Structure formats: C-alpha cells, structure tokens
Amino acid sequence: MRRPVQSMLLTLTGLGLLHATLLTDTYLRYVKAGLRPPLIVSGLVLLVLGLAGAAVRGWQQTAAGAGHEHGHDHTGTPRVAWLLFLPAVSLLFYAPPAPGAYTAAHASDKPITVQRGFAPLPAGSPLPLTLTDFTKRVQQDRSRAIAGRTVRLTGFASPAGDDGWYLTRIIFSCCAADSQTVKVRMYGGEVPAADTWLAVTGTWHPRGTLGTRTATAALDVRDARPVTQPVNAYTDDLPLRPS
C-alpha cells in the first residue's frame, strides 16, 4: 500500500474513533463505557500518525523538487486494500447496527450467580428490578418475597421458539464479541416486534417452586410500554435516562 493511502487510512480511522467516542454514544454499541478513554487515546494517536505521515510525505516531495521523477514510489495500491477504508468510513457516516434480538438468539446465556442472602424488598409498586435480580429472587430467595409483587422490568423483545417472547438484555463483559444474554419469559398480551425496547409491568408467572431452581424466570404481563433505548443498554442495570 502506498504511503499516502496509509496516511489517509490512519487519519480516517482516528477521526472515526473520535467521532464515535466524543461526539456520539456510538461506541456503547460495541464496548463497555469504561473503554471510552482508551478509545479516545487510540483515536488521537491514529490521527496524529496519519497527519504526520502526510506532512512527512509532503516535505519529502518538496525536498526532491518539482518534476523530479527519481525516488518516487510507482507501485500501485491493490484494489482489495481499498476495502480497509470501509470500517473507517462507516464510523463517520454509517455505524453498524447495535446488537439486538438476532445477537441474543446466538449469544450464550449469562449464568446467574448464587446469592446467599437477600435484603427486604423496598415498598412501592411497581417495583423496578433488573432481569438478573428478578431471576435471583424467583430462583434463590427462600423467603419468596417476590410472590404477588408487581415489578417493572426493562429490556428489548426477542422471540421465543413457541411464538412467545422474552424480555432480554445483552451484557458486555468487555465488548460485543463476548456478550451474554439474560432473558425473562413473558406471558400475556400481544407479542411485540423484535428489538422493541419495553418497560413491562407484571407479576411472577407461577411455574415451578418459587425460591428454588425449579422456578422459571417468567412474568405475567399486565402492561408493556415502548421506551427509548437507555444509554446503558448493554448492562443489566436499571435504565439510565435515555440519550
């Protein structure tokens, strides 16, 4: 690859990273929020390298003299090398879609860790819970405090194999490549379109013995309202304010 093309590629990639991390929240589709500082530094380094390469190339051409043909690189750039520009340009103009229902269908389920003790549930109805906390209460809380409580869960819809649906969250340990999912089966109401973000209110769907592993993490839906995808979409935390 010729040096001017290398410099251009470095510059565009650096600009793309800086655009995704400084001007938008696009980077959150692919990595955890904690990786933002390293991405900014990487973008700055690539931008500086690209601009420095272009500046050095310009200085060399000036030093060689106008019209001097010797010492020039006459090798062409392979056509396939131009494909390297696609990821860089996409960060600037068309970012790849965020992981959703298709990813959840092919990702591994997040193992639910064992919790030894549970604090009393706060008063109030509906009670906001994460999908993980709801699952732990259903399968591990021997006090059965979740019985009869109206809860509110937030996530996106993903299809189940029997024409039903799950409320789902995708969780990044580091980035989209190592994502895992947590799902709660929904019963009742209309099946929403895949990838629709919803705040769902309901009560535990009795199936199995509550407080044991035989209990299913499932909800009888009383109300399901579309919501804007939260900023912290790829964690299993209570939703932050949408961007």
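Cut-offs applied
Residues numbered from 1 in each chain as written. Predicted model: local features only at pLDDT ≥ 70, side-chain atom pairs only at ≥ 80, totals over all residues. Heavy atoms only, no water. Buried < 20%, exposed > 50% of the residue type's maximum accessible area, 1.4 Å probe, protein only. Helix = DSSP H or I, 4+ residues; strand = E, 2+ residues; numbered from the N terminus. Contact = heavy atoms within 4.5 Å. Core = buried A, V, L, I, M, F, W, Y, C linked by side-chain atoms within 4.5 Å. Axes fitted to C-alpha atoms, helices over the stretch in contact; angles between N-to-C directions. Left-handed = near helix turned anticlockwise from the far one by under 90°. Nonpolar A, V, L, I, M, F, W, Y, C, P; charged D, E, K, R; others polar. UniProt positions renumbered as here; feature names shortened; annotations may be inferred. 1 Å grid on protein atoms, 1.4 Å probe; cavity = no way out; pocket = protein on both sides within 12 Å on 5 of 7 lines; lining within 4 Å. Points joined across faces, edges and corners; volume = space filled by probe spheres on them.

What about helix α3 (residues 85-93)?
Then comes step 1: Within α3, the full set of buried residues consists of F85, A88 and S90.
Then comes step 2: At its buried positions, α3 is contacted by α1 (3-23).

Things to note about the side chain of T150
Then comes step 1: Looking at the element boundaries, T150 is found in the loop between α5 (131-140) and β3 (151-159).
Then comes step 2: Contacts of T150, omitting those with residues within four sequence positions, involve S125, P126, L127, T201, G202, T203 and R222.

Description of the nonpolar core
Then comes step 1: With 25 residues, the main nonpolar core has F134, L153 and M186 as its most contacted residues.
Then comes step 2: Listed by contribution, the elements that provide at least two residues to this core are α5, β3, β4 (165-171), β5 (180-187), β6 (197-204) and β7 (218-226).
Then comes step 3: Those residues in contact with M186 that lie beyond four places of it in its chain are L153, W165, Y166, L167, V200, L219 and V221.
Then comes step 4: In terms of nonpolar packing, the next biggest core, distinct from the first, is built from eight residues, A101, A104, F156 and F172 among them.

Focus: the packing of α1 against α3
How two helices pack is summed up by the angle between their axes together with the distance between the axes.
Then comes step 1: Direction vectors running N to C along α1 and α3 enclose 35°, while the axes themselves pass 8 Å from each other. Seen from above, α1 lies across α3 with left-handed handedness. Facing α1, whose interface residues are V5, M8, L9, L12, T13, L15, G16, L17 and H19, α3 presents F85, A88, V89, L91 and L92.
Then comes step 2: Its residues placed into classes, the contact of α1 with α3 shows eleven nonpolar, three polar and no charged.

A closer look at the UniProt feature "transmembrane region" (unreviewed entry) in the protein chain
Then comes step 1: UniProt records the feature "transmembrane region" (unreviewed entry) at residues 39-59 and 80-96, using the numbering of this structure.
Then comes step 2: Secondary structure content for residues 39-59 is 100% helix and 0% strand, while the C-alpha to C-alpha distance between its ends is 30 Å.

Examining empty space enclosed by the protein
Then comes step 1: Inspection of the entire model under this criterion finds one cavity of 30 Å³ or more.
Then comes step 2: Roughly 40 Å³ of volume is contained in the largest cavity.
Then comes step 3: Lining of the largest cavity is provided by L129, T130, L131, T154, R169, D236, D237, L238 and P239.
Then comes step 4: Tallied by class, the residues present in the lining of the largest cavity amount to four nonpolar, two polar and three charged.

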